[in-house]
Amino acid sequence: MRSDHPWKTKTTKVVYENPWMRIREDTVLTPTGSDGIYGVMETNDSVMIAAVNDQNKIYLIRTYSYPAQSWNWEIPGGGGNKEHGLRAAKRELEEETGITAKTWQKLGYTRVCNGLMTERMTTYLASGITFEGEKETADEQIDEGKFFSTKEIDTMISQGDINDSQSITAIYLATRWLTQEE
Amino acid sequence: MADWQTHGSKVVYENKWNRVREDDVTNPIGQRTVYGVFSAQHPIVYVVPVTQDGKFLLTKQFRYVLQQDTWEVVAGQTDGEDLMVAARRELLEETGHTSDDLRQIARLAVDTGVYDSYIDIILAKNCVKVTDELDKTDGIEQAKAFSAEEMRKMIHSGEIICPHSIAGFYIACDILAGDTYAL
């Protein structure tokens with residue numbers, strides 16, 4: 001790990017805050033030594049869960065994005081409430097889909113947007129699943145959930161039916177894991 | 001149409017690159033609350049550069065937000081110029097390469113919960129090195145070519161942590177598999 005700091009932070013202040021996000025603006029010296037500002041979004045770390053059935057099909061949900069004002073197919077997941085990653089993953093999966101799983105595997109850590117967001121995202125694979133959990137009516141909307149083969153998912157990605165980097169990253173990690181297992 | 005109702009909207013923060021607005025909303029279960037939405041001021045491009053011998057170019061840069069070095073594909077915000085012009089400029093600035101074969105392969109959401117702008121993923125094939133000079137403004141330190149297998153290992157080991165790079169690579173591989181590239 002590097003210990004030098006190409007960017008120098010001169011001042012930092014919170015410019016906006018709500019219960020789910022905090023925006024801070026730092027005044028900085030850039031790597032080339034010029035003055036600048038940097039806006040940073042701080043949100044809770046998140047979890048994404050690839051839940052697979054015994055045919056290795058992946059469960060996707062169709063959900064409404066308020067920012068995008070559109071319905072999209074996504075991998076279940078969401079922001080943790082500062083809880084432990086695996087506990088957050090179990091809760092998110094059960095709340096959004098009613099799925100509980102016997103086996104959990106952590107597939108990897110990524111970020112969400114390196115240039116802007118501090119959020120760290122952890123992807124899990126959930127297998128040995130049943131629909132015996134309790135689904136919750138949350139403020140987020142989910143109108144459908146279904147299993148898809150990786151081939152079907154590839155087609156959905158190429159047609160833009162799955163179009164968010166977080167879901168595609170989680171799908172990639174899960175697909176790699178499942179292929180290596182076979 | 002979903003059951004969100006928007007009663008009002010105001011910009012609560014903006015700088016040259018980003019804007020944050022806060023909407024006054026009623027959510028689908030009937031609660032009056034606020035929704036913060038982040039937007040980019042200009043379109044964002046991510047370029048997945050592939051060299052003539054089928055390797056992927058990555059850049060190493062120190063990311064201020066994460067306070068660490070990262071390996072990523074080429075990324076940048078347009079200066080209001082055409083998408084492909086921006087993609088060519090970023091490719092040259094960050095890797096010292098040019099390409100005569102660019103095409104848009106995806107438009108992706110950054111974070112469907114908080115961000116309403118999309119990023120355009122551009123596949124740049126036949127990349128050729130024209131200079132060793134890299135743009136140091138954003139802290140780009142190095143550009144290096146990796147085979148697809150090396151990329152997979154770097155994703156697996158957590159050396160590549162940028163989801164747009166991972167998603168872009170995934171989609172690019174699918175497209176290149178249908179082309180004449182041998183990866």
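From a predicted model like this one, the values you see are computed outputs, not experimental measurements.

Caption draft 1: Quick peek at the overall build of chain B. Within chain B, the secondary structure is distributed over 3 helices and 11 strands. In sequence order, the secondary structure elements of chain B are arranged as β-β-β-β-β-β-β-α-β-β-β-β-α-α. If you line up chain B on its principal axes, its C-alpha atoms span 55 × 35 × 30 Å. Within the span of chain B, comprising 183 residues, buried residues form 40% of the whole. For chain B, restricting intrachain contacts to residue pairs at least 6 apart in sequence, the fraction spanning at least 24 positions comes to 60%.

Caption draft 2: Focus on the overall build of chain A. When helices and strands are tallied, chain A shows 3 helices and 10 strands. Scanning chain A from its N terminus toward the C terminus, one meets helices and strands in the order β-β-β-β-β-β-β-α-β-β-β-α-α. Dimensions of chain A, computed from C-alpha atoms along their principal axes, come out at roughly 55 × 35 × 35 Å. Across the 182 residues in chain A, those meeting the buried criterion constitute 40%. Long-range contacts, defined here as pairs at least 24 residues apart, represent 61% of the contacts in chain A between residues at least 6 apart.

Caption draft 3: Structural detail: the environment of Asn44 of chain A. Inspection of the secondary structure puts Asn44 of chain A in the loop between β3 (35–43) and β4 (46–51). Residues within four places of Asn44 of chain A in sequence aside, it is in contact with Gly79, Gly80, Asn81 and Lys82 of chain A.

Caption draft 4: A look at the sheet that holds strand β6 (residues 70–74) of chain A. Residue and element names in this part refer to chain A. Across the sheet, which stays open at both edges, the 3 strands sit in the order β6-β5-β10 with antiparallel pairing between neighbours. Sheet topology places β6 and β10 (142–148) at the edges, where each strand pairs with a single neighbour. Sheet twist, expressed as the mean angle between neighbouring strand axes with direction ignored, is 20°. Where strand β5 (residues 58–65) lies against β6, 5 bridges are found, and the strand directions are antiparallel. The partner of Ile61 across the bridge, within β6, is Glu74.

Caption draft 5: Examining the domain arrangement of chain A more closely. All names here are of chain A. Each assigned domain of chain A is listed with its residue range as follows: domain 1 (8–43) and domain 2 (46–181). Between the C-alpha centres of domain 1 and domain 2 there is a distance of 30 Å. At the junction of the two partners, domain 1 supplies 4 residues and domain 2 supplies 5 residues.

Caption draft 6: The pairing of strand β2 (residues 21–29) of chain A, seen in detail. All names here are of chain A. Relative to β2, strand β1 (residues 8–17) is paired through 8 bridges, and the arrangement is antiparallel. Each residue of the ladder has a partner; that of Tyr16, found in β2, is Ile23. Taken together, β1 and the strand that follows it, β2, pair antiparallel across an intervening segment of 3 residues. With antiparallel pairing between neighbouring strands as the criterion, β2 and β3 make up a hairpin whose turn holds 5 residues, including Gly33 at a positive phi of roughly 90°.

Caption draft 7: Inspection of the domain arrangement of chain B at higher detail. All names here are of chain B. Under the domain assignment used here, chain B contains domain 1 (5–40) and domain 2 (44–177). Residue-level contacts link 6 residues of domain 1 with 6 residues of domain 2. Grouping the amino acids of the side of domain 1 that touches domain 2 by side-chain chemistry returns 4 nonpolar, 2 polar and no charged.

Caption draft 8: View of the interface of chain A and chain B. Facing 53 residues of chain A, the contacting portion of chain B comprises 50 residues. At the level of elements, β1, β2, β3, β5, β6, β8 (100–111), α2 (150–158) and α3 (165–181) of chain A are the ones that each hand at least two residues to the side of chain A that touches chain B. Among the residues forming the side of chain A that touches chain B, the class breakdown is 25 nonpolar, 20 polar and 8 charged.

Reading the values: rules and limits
- Residues numbered from 1 in each chain as written.
- Chains lettered and ligands numbered in written order.
- Predicted model: local features only at pLDDT ≥ 70, side-chain atom pairs only at ≥ 80, totals over all residues.
- Helix = DSSP H or I, 4+ residues; strand = E, 2+ residues; numbered from the N terminus.
- Buried ≥ 20, exposed ≤ 12 C-beta atoms within 10 Å, placed from the backbone.
- Contact = placed C-beta atoms within 7 Å.
- Pairing = 2+ DSSP bridges.
- Axes fitted to C-alpha atoms, helices over the stretch in contact; angles between N-to-C directions.
- Domains from an automatic or database assignment.
- Nonpolar A, V, L, I, M, F, W, Y, C, P; charged D, E, K, R; others polar.

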